[in-house]
Amino acid sequence: MKLIRFGQPGKEKPGIIDPKGRYLNVSAFGEDYGEAFFENDGLARLAGWLDAHAANCPEIRPGERIGPPLVRPSKIVCVGLNYAGHATESKMALPTEPVLFFKSTTAICGPYDGVILPKGATKLDWEVELAVVIGKRASYVDEAEAMQYVAGYVLHNDLSERAYQLERGGQWVKGKSADTFAPLGPFLADKTEIPDPHRLDIWLKVNGISFQSSNTADLVFKVPTLVSYISQFMTLLPGDLISTGTPPGVGLGLDPPRYLVPGDVMELGIEGLGVARQVVGAHR
Ligand code: ZN
């Protein structure tokens, strides 16, 4: 099943993309895609409800804004340097344990929303990533059981202001958390859509030129390892996101580095998770 949300920012309604590719409004199901939905087996209940009611669901108007495909979660846990090539281009050693950092959940926006350069930003960079959506409360989970805690997957652009991240001292969170720095979607694919998350092509272009082109087979720490590992340090709640890290090809790693300016167009995708497109705009 593919979940979407549509409507104005902060007022999104739930929908799905059906097997025929139609965008259906499922507001009549009565639940949005948040913690309670995932915790109470919402994916299975929605599938059952659709068997009886899909024929009566209105189609979503073409041109309607598509929002992030889930309600703002309790946290976004990001994994740093999780592709060998990206660690090399960042001039950092490949970690022996996952590198974790947080990204503010207020950074979340829709897959086609504009990305806004923060005030004073000079080094805005892209990072296409596979993000994992947690399906049930996870604390001290064994790696062998970890996949039971995964609800699905979503395409994520982990926008990063490198000067704030790397030149202002302290933790990376400062360069990762501005408004619009976490476009999600176009849709959330549940686990049945993605039988193996470790064999997906992953790519990003800027102004039509390919910068990132890789495969999730190259993840250093794989999805079950990450879910289990993170759950040793904190409780993951249903709907929480783990962003698994970016492959090589970010602007920081180029010689000379190439950073985003207003008017630049990012297009990104992951096999089975759709394609997103974001235009960079100036802060107003
Ligand atoms: Zn990242």
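Calculation notes
Residues numbered from 1 in each chain as written. Predicted model: local features only at pLDDT ≥ 70, side-chain atom pairs only at ≥ 80, totals over all residues. Heavy atoms only, no water. Helix = DSSP H or I, 4+ residues; strand = E, 2+ residues; numbered from the N terminus. Rg over C-alpha atoms; globule rule 2.2 N^0.38 Å. Buried < 20%, exposed > 50% of the residue type's maximum accessible area, 1.4 Å probe, protein only. Contact = heavy atoms within 4.5 Å. Areas by Shrake-Rupley, 256 points an atom, 1.4 Å probe, with all protein chains shown as cover. Donors = N, O, S within 2.8 Å, 3.2 Å for Na, K, Ca; no water. Phe/Tyr/Trp six-rings, centres within 6.5 Å; stacked < 30°, edge-to-face > 60°. Lys NZ or Arg CZ within 6 Å of the ring centre and 35° of its normal. Polar contact = N/O pair within 3.5 Å; in protein donor to acceptor, adjacent residues only side chain to side chain. Core = buried A, V, L, I, M, F, W, Y, C linked by side-chain atoms within 4.5 Å. Pairing = 2+ DSSP bridges.

A. Just the overall build of the protein chain, in detail. What the protein chain contains, in helices and strands, is five helices and 18 strands. For the protein chain, the C-alpha radius of gyration of 18 Å lies close to 19 Å, the compact-globule estimate for 284 residues. With respect to the principal axes defined by its C-alpha atoms, the protein chain has extents near 55 × 45 × 30 Å. Buried residues in the protein chain amount to 56% of all 284 residues. Restricting the contact set of the protein chain to residue pairs at least 6 apart, pairs at least 24 apart contribute 74%. Entry remark: accessible area of the protein chain is about 12200 Å², with carbon and sulfur atoms responsible for 52%.

B. Here's a closer look at the coordination of the zinc ion. Bound to the zinc ion are the protein donor atoms Glu127 (OE), Glu129 (OE) and Asp158 (OD), situated 1.9 to 2.1 Å from the metal. Look at where the donors of the zinc ion fall in the sequence and you get E-x1-E-x28-D. Residue class for Glu127 comes out buried when judged on its relative accessible area of 4%.

C. Quick peek at the environment of Gly80. Following the sequence through the fold, Gly80 ends up in strand S5 (residues 76-80). In this structure Gly80 comes out as buried when scored by relative accessible area, which is 6%. Each C-alpha atom, one on Gly80 and one on Asp196, is 22 Å from the other, the two residues being 116 residues apart in sequence.

D. Region of interest: the packing of aromatic side chains. For the structure on display, the rule yields seven aromatic pairs. Between Phe29 and Trp49, the ring centres sit 5.6 Å apart and the planes meet at 65 degrees, which makes this aromatic pair edge-to-face. Taken together, the positions of Phe29 in the loop between strand S3 (23-25) and helix H1 (35-39) and Trp49 in helix H2 (residues 42-53) put the pair 20 residues apart, joining distant regions of the chain. Given a relative accessible area of 16%, Trp49 falls into the buried group. Ring geometry for Phe101 versus Trp172: centroids 5.3 Å apart, planes at 65 degrees, classification edge-to-face. Of the two residues, Phe101 is situated in strand S6 (residues 99-103) and Trp172 in the loop between helix H4 (162-166) and strand S13 (182-190); the sequence distance between them amounts to 71 residues. Each member of the pair, Phe101 as well as Trp172, is classed as buried. Through a chain of ring-to-ring contacts, the aromatic side chains of Phe29, Tyr33, Phe37, Phe38 and Trp49 assemble into a single cluster. The ring of Tyr149 carries the charged tip of Lys136 above its face, separated from the ring centre by 4.8 Å. The ring of Trp203 is capped by Lys205, whose NZ or CZ atom sits 5.6 Å from the centre of that ring.

E. Main features of the side chain of Ser90. Along the chain, the position of Ser90 falls in the loop between helix H3 (84-89) and S6. You can call Ser90 buried: its relative accessible area is 12%. Separated by 2.8 Å, the side chain of Ser90 and the backbone oxygen of His86 make a polar contact. Among residues more than four places away in sequence, those in contact with Ser90 are Leu81 and Leu252.

F. Structural view of the nonpolar core. By size, the foremost hydrophobic cluster in this structure holds 82 residues, and its most contacted members are Leu3, Ile16, Tyr33, Leu46 and Met266. If you tally residues by element for this core, the top one is strand S10 (residues 128-134), at six residues. Ignoring anything within four residues of it in the chain, the contact list for Leu3 reads Gly15, Ile16, Tyr33, Phe37, Leu43, Leu46, Pro69, Pro186, Phe187 and Leu188.

G. How the structure looks around helix H5 (residues 223-231). Counting buried residues in H5 gives eight out of nine residues, a clear majority hidden from the surface. Listed as buried for H5 are Val223, Pro224, Leu226, Val227, Ser228, Tyr229, Ile230 and Ser231. Close packing links the buried residues of H5 with S5, S6, S10, strand S11 (150-157) and strand S16 (241-243).

H. The pairing of S11, seen in detail. Among the eight residues of S11, eight are classified as buried, and the element is accordingly described as predominantly covered. As paired strands, S10 and S11 are joined by seven bridges and run antiparallel to one another. Residue pairing for S11: Val132 is matched across the bridge by Tyr153. Looking at chain direction, S11 and S13 are connected through four bridges and run antiparallel. In the sheet register, His156 faces S13, and the bridge partner there is Leu184.

I. Molecular detail of the sheet that holds strand S18 (residues 275-281). Spatial ordering of the open sheet is given by S8-S18-S17-S14-S15, a layout of five strands whose pairing is mixed. Where the open sheet ends on each side, the last strands, each with one partner, are strand S8 (115-116) and strand S15 (209-215). Where strand S14 (residues 201-206) and S15 come together, six bridges link them in antiparallel fashion. If you follow Leu204 over to S15, its bridge partner there is Gln212.

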